[in-house]
Amino acid sequence: MAAEAPLIELRGLAVRFPAAAGTVTAVAGVDLELAPGASLGIVGESGSGKTQLALAMAGLTAPGALLGGSVRYRGEELVGAAPGRLRQLRGARIGFVFQDPQAALAPHLTVGTQLTEALRAHERLPRAVARARSLEMLARVQVPDPAMRLAQYPHQLSGGLRQRVLIAIALMAGPELVIADEPTTALDVTVEAGILALFASLREALGMALVLISHDLAVVGGLCESIAVMYAGRVVESGATRAVLTAPRHPYTHALAAAVPRLEAPPAARLVTIPGAPPEPGSRAPGCAFAPRCPRAVARCTAERPELVPLATGAVACHLPLGTGGG
Amino acid sequence: MAGAPAWLPPARATRVALGVLGAIALLAVAGPFASPWRGDELDWARLAMSPGLDGRHWFGTDRLGRDLYVRTLEGVRVSLAIALAATLVSLVIGVAYGAIAGFAGGRLEALMMRVVDVLYSLPYVFFVILLTVSLGRSPATLFLAIGAVGWLTMARVVCSQTESLRQREFIEAATAAGVPARAILLRHVIPNLAGPVLVYATLTVPGVILIESFLSFLGLGVQEPAASLGNLMAQGTAEMESAPWMLLAPCGFLVAIVLALGTLGDGLRDWLDPRGR
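## Notes on the overall build of chain A
Right, so step 1: Along its length, chain A carries twelve helices and twelve strands.
Right, so step 2: For 327 residues, the compact-globule estimate of 2.2 N^0.38 gives 20 Å, and chain A sits close to it at 21 Å.
Right, so step 3: When its C-alpha atoms are laid out on the principal axes, chain A stretches across 65 × 50 × 45 Å.
Right, so step 4: Counting only residues that meet the buried cut, chain A has 44% of its 327 residues in that class.
Right, so step 5: Contacts in chain A between residues at least 24 apart in sequence constitute 64% of all its contacts with a sequence separation of at least 6.

## As for the overall build of chain B
Right, so step 1: Summing up its helical and strand segments, chain B has ten helices and zero strands in all.
Right, so step 2: Ordered by position in the sequence, the α and β elements of chain B form the string α-α-α-α-α-α-α-α-α-α.
Right, so step 3: The principal-axis extents of the C-alpha atoms in chain B amount to approximately 75 × 55 × 30 Å.
Right, so step 4: Per-residue burial for chain B yields a buried fraction of 39% across its 277 residues.
Right, so step 5: Across chain B, contacts joining residues at least 24 apart in sequence account for 68% of those joining residues at least 6 apart.

## Things to note about the packing of helix α2 (residues 68-104) of chain B against helix α3 (residues 106-121) of chain B
Residues and elements named next belong to chain B.
Right, so step 1: Direction vectors running N to C along α2 and α3 enclose 145 degrees, while the axes themselves pass 7 Å from each other. Contacts from Tyr97, Ala101, Gly102 and Ala104 in α2 reach Gly106, Leu108, Glu109, Met112 and Met113 in α3.
Right, so step 2: Here the contact of α2 with α3 is composed, by residue class, of six nonpolar, two polar and one charged.

## Some details on the interface of chain B and chain A
Right, so step 1: Each partner contributes to the interface: chain B provides 19 residues, whereas chain A provides 25 residues.
Right, so step 2: Breaking the side of chain B that touches chain A down by element, the ones donating at least two residues are α6 (169-176) and α7 (181-189) of chain B.
Right, so step 3: Take the side of chain B that touches chain A: its biggest share by element is five residues, from α6(B).
Right, so step 4: Residue composition of the side of chain B that touches chain A, by class: nine nonpolar, six polar and four charged.

## Let's talk about the nonpolar core
Right, so step 1: Within the largest apolar cluster, 118 residues are counted, with the highest numbers of intra-cluster contacts made by Ala168(A), Ile179(A) and Val211(A).
Right, so step 2: For this core, the element with the highest residue contribution is helix α7 (residues 159-171) of chain A, accounting for eight residues.
Right, so step 3: Not counting residues within four places of it along the chain, the set of residues in contact with Ile179(A) comprises Ala54(A), Met57(A), Ala58(A), Ile94(A), Phe96(A) and Val211(A).
Right, so step 4: Counting residues in hydrophobic clusters, the runner-up holds 41 residues, among them Phe59(B), Ala145(B), Ile146(B) and Val205(B).

## Things to note about the sheet that holds strand β3 (residues 39-43) of chain A
All names here are of chain A.
Right, so step 1: Taken in spatial order, the eight strands make up an open sheet running β6-β7-β8-β3-β9-β10-β12-β11, and their pairing is mixed. At either end of the open sheet lies a strand with only one pairing partner, and these are β6 (94-97) and β11 (309-310).
Right, so step 2: On the sheet, helix α1 (residues 50-57) packs against β3, β7 (177-181), β8 (209-214) and β9 (226-231) and is oriented at approximately 155 degrees with respect to β8.

## With respect to α2(B)
At 3.6 residues per turn, the α-helix brings residues three or four places apart onto the same side.
Right, so step 1: Compared with the 54 Å implied by 1.5 Å per residue over 37 residues, the 52 Å span of α2(B) between its first and last C-alpha is a close match.
Right, so step 2: Most of α2(B) is tucked away, with 27 of its 37 residues classed as buried.

## So, the confidence of the model for chain B
Residues and elements named next belong to chain B.
Right, so step 1: Residue-level pLDDT values for chain B average 82, and 95% of them are 70 or greater.
Right, so step 2: For chain B, the element scoring lowest by mean pLDDT is helix α8 (residues 194-217), at 80; α6 scores highest, at 91.
Right, so step 3: Of the two predicted TM-score estimates for the complex, the pTM is 0.79 and the ipTM is 0.84.

## Details of the pairing of β6(A)
Residues and elements named next belong to chain A.
Right, so step 1: Residues Ile94 and Phe96 of β6 are buried on one face, and the alternating residues Gly95 and Val97, pointing to the opposite face, are buried as well.
Right, so step 2: Where β6 meets β7, four bridges bridge the pair, whose relative direction is parallel. Looking at β7, one finds that Val97 is bridged to Ala180.

## So, the sheet that holds strand β5 (residues 76-77) of chain A
Residue and element names in this part refer to chain A.
Right, so step 1: Read across the open sheet, the four strands follow the order β2-β1-β4-β5; overall the sheet is antiparallel. Since the sheet does not close on itself, it has two edges, and those belong to β2 (23-34) and β5, each with one partner.
Right, so step 2: Pairing of strand β4 (residues 66-73) with β5, which is carried by two bridges, proceeds in the antiparallel orientation. Following the sheet pairing, Tyr73 is matched in β5 by Glu76.

## Concerning unusual backbone geometry
Residue and element names in this part refer to chain A.
Right, so step 1: Despite not being glycine, Arg74 has its phi angle at roughly 50 degrees, a positive value.
Right, so step 2: By the secondary structure assignment, Arg74 is in the loop between β4 and β5.
Right, so step 3: By the C-beta count within 10 Å, which is 14 here, Arg74 ends up partly exposed.

## Concerning the environment of Glu225(A)
Residues and elements named next belong to chain A.
Right, so step 1: By the element assignment, Glu225 lies in the loop between α9 (217-223) and β9.
Right, so step 2: On the neighbour-count criterion, Glu225 (14 C-beta atoms within 10 Å) is partly exposed.
Right, so step 3: Sequence separation of Glu225 and Thr241 is 16 residues, and the distance between their C-alpha atoms is 5.5 Å.
Right, so step 4: Sequence-distant contacts of Glu225, that is, excluding residues within four places in its chain, are made with Ala38, Ser39, Ala240 and Thr241.

## Section: the packing of α7(A) against helix α8 (residues 189-206) of chain A
Residue and element names in this part refer to chain A.
Right, so step 1: Contact pair α7 / α8: the axes reach a minimum separation of 10 Å and the direction vectors enclose 20 degrees. On the basis of the axis angle, α7 is roughly parallel to α8. Between α7 and α8 lies a crossing of right-handed hand. Contacts from Gly159, Gly160, Gln163, Arg164 and Ile167 of α7 reach α8 at Val191, Gly194, Ile195 and Leu198.
Right, so step 2: Each residue belonging to the contact of α7 with α8 can be placed in one class, and the counts come to four nonpolar, four polar and one charged.

## Describing helix α4 (residues 124-135) of chain B
Right, so step 1: If you check α4(B), its first and last C-alpha atoms are 16 Å apart, about what twelve residues at 1.5 Å a residue would give, namely 16 Å.
Right, so step 2: Gly136(B) lies just past α4(B) and shows a positive phi near 85 degrees.

## Let's talk about the pairing of β3(A)
Residues and elements named next belong to chain A.
Right, so step 1: The element β3 is largely enclosed, with a buried count of five among its five residues.
Right, so step 2: Where burial is concerned, the two faces of β3 agree: the one with Ser39, Gly41 and Val43 and the one with Leu40 and Ile42 are both buried.
Right, so step 3: As paired strands, β3 and β9 are joined by four bridges and run parallel to one another. When the sheet's bridge partners are listed, Ile42 is paired in β9 with Ala228.

## Overview of the environment of Leu215(B)
Residue and element names in this part refer to chain B.
Right, so step 1: Topologically, Leu215 is positioned in helix α8.
Right, so step 2: Residue Leu215 is classed as buried on the basis of its 23 C-beta neighbours within 10 Å.
Right, so step 3: The residues contacting Leu215, other than those within four sequence positions of it, are Val128, Leu142, Leu220 and Gly221.

## Let's talk about the environment of Leu68(B)
All names here are of chain B.
Right, so step 1: Here Leu68 shows up in helix α2.
Right, so step 2: When the C-alpha positions of Leu68 and Phe143 are compared, they lie 25 Å apart, and in sequence the two are 75 residues distant.
Right, so step 3: Among all residues touching Leu68, those that are not within four sequence positions of it are His57, Phe59, Gly60, Thr61, Asp62, Trp245, Met246 and Ala249.

Definitions and cut-offs
- Residues numbered from 1 in each chain as written.
- Chains lettered and ligands numbered in written order.
- Predicted model: local features only at pLDDT ≥ 70, side-chain atom pairs only at ≥ 80, totals over all residues.
- Helix = DSSP H or I, 4+ residues; strand = E, 2+ residues; numbered from the N terminus.
- Rg over C-alpha atoms; globule rule 2.2 N^0.38 Å.
- Buried ≥ 20, exposed ≤ 12 C-beta atoms within 10 Å, placed from the backbone.
- Contact = placed C-beta atoms within 7 Å.
- Axes fitted to C-alpha atoms, helices over the stretch in contact; angles between N-to-C directions.
- Nonpolar A, V, L, I, M, F, W, Y, C, P; charged D, E, K, R; others polar.
- Core = buried A, V, L, I, M, F, W, Y, C linked by C-beta atoms within 7 Å.
- Pairing = 2+ DSSP bridges.
- Expected span 1.5 Å × (residues − 1).
- pLDDT = per-residue confidence, 0-100.
- Parallel < 35°, antiparallel > 145°, perpendicular 65-115°, else oblique.
- Left-handed = near helix turned anticlockwise from the far one by under 90°.

Okay, here's the thing in structure tokens:
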């Protein structure tokens, strides 16, 4: 990793929103980096800040959001960059795939119009060339009969096809980095498997880097080389996917992995849950945010917030990480 | 309907409405030539005569013996022209102004909408009197006066619609694909405004005809001997008990126009929505 300059580099990234009483912190200082062609999964519960983190990486946070820290794309600072420059980067360099393909496709435009629009926003191309490239891209995301689909409207497509079209739109201008925010959450399980396989084959064919946001460890585990687990706006554990999933160091990651329902379990077995609920984004105690729900918490945990400490295989933010004795 | 050309809207009611409006427009332009009378000609032998074939006054005559068939059609022509022109102006200015304000949001939107509020609060009649005094009395002035105020409501409707559209995910997705703001406004926002804008525009036409009649009644609009639906109805109202046809002829046309426009607006809205196609 050290040999190659990172494609995108986050340092102390914070996203806050002004609220009636002070500010609400969605992301509270995240450091991440991603090499060209690499893949990173960001996992967390709802409200952990993963979506805001993803939006900030593409300069898409809602107007009014207060950004802190830095996001560098190939060394270029994106926090506070000119809107015109951000527009040039979006689509052409950084593609974004939204969660709900029903809502993210314009209902009144044909699939073809939306595909060519994404391309022609960045390159002056004759209509015929843009159309040919759209057909090619639809075939690449494995949409059957692309010529017919080009003339159709989103409501004439199934959910899985819509998500493929959305991915095709994100890829039209050939980005080096694709950020996918829960791309399979709105789909059923069989369709989800197809979309994940598509991401894997696209990465192989196009060599793009991928940031995949998900609440589902299995989705990330199958697709990403490294993983970052977020809790209450911070990364609590990161590292190579296999190491994090097989030997989690942070009690939260451990609990998350244990909560995945298993088919081998006897039918009457209770589902494993994590007791309690994540803290409200507005009210953050001084200590570790997970301490109130943590079975291993000691007095130090509620008093002092643990920093992300590098380990042999990754990094963890915990005073008493698992696998270091005492557990 | 088999055999109908493909470019026509599919709903039958819409086609009928389109046909009715076309027929009224054609009648308003060509109809007066079918009568032996002119609009300002007085038939001293037949004053306030009820409709019939006598003297070929098909809609009867008014108190001065003028042929109501010709005068009503001339009135339809004037009123339709003013209404369509004023609606078109309010459509163009209102949609552009409202969409830009709503899409920009923040301070620019607040500033633009406060300007609309200030214009709203100007006393309308006073404003029209000022215009007629400074520019002279003519259908053009009337159209300017109505158009200048008509776009305000349209701008408000469009602005609030645009604001709610802006938060839709497909607009955000277009932004994420790097589509420039101008293209988003033209291709994603404005086409989605078609529904409320069309419905509101079809409501504006009868509204403008009523304002025109009110201004004509005050002596600021279309003046005798020229006819408009507004001043014909004002005269007809005065004779309502003794000669109801003087009111019924212009009213009938107004009702037909308003009904046909309403149906047409609904039909066009459905037709423009790709989900209904």
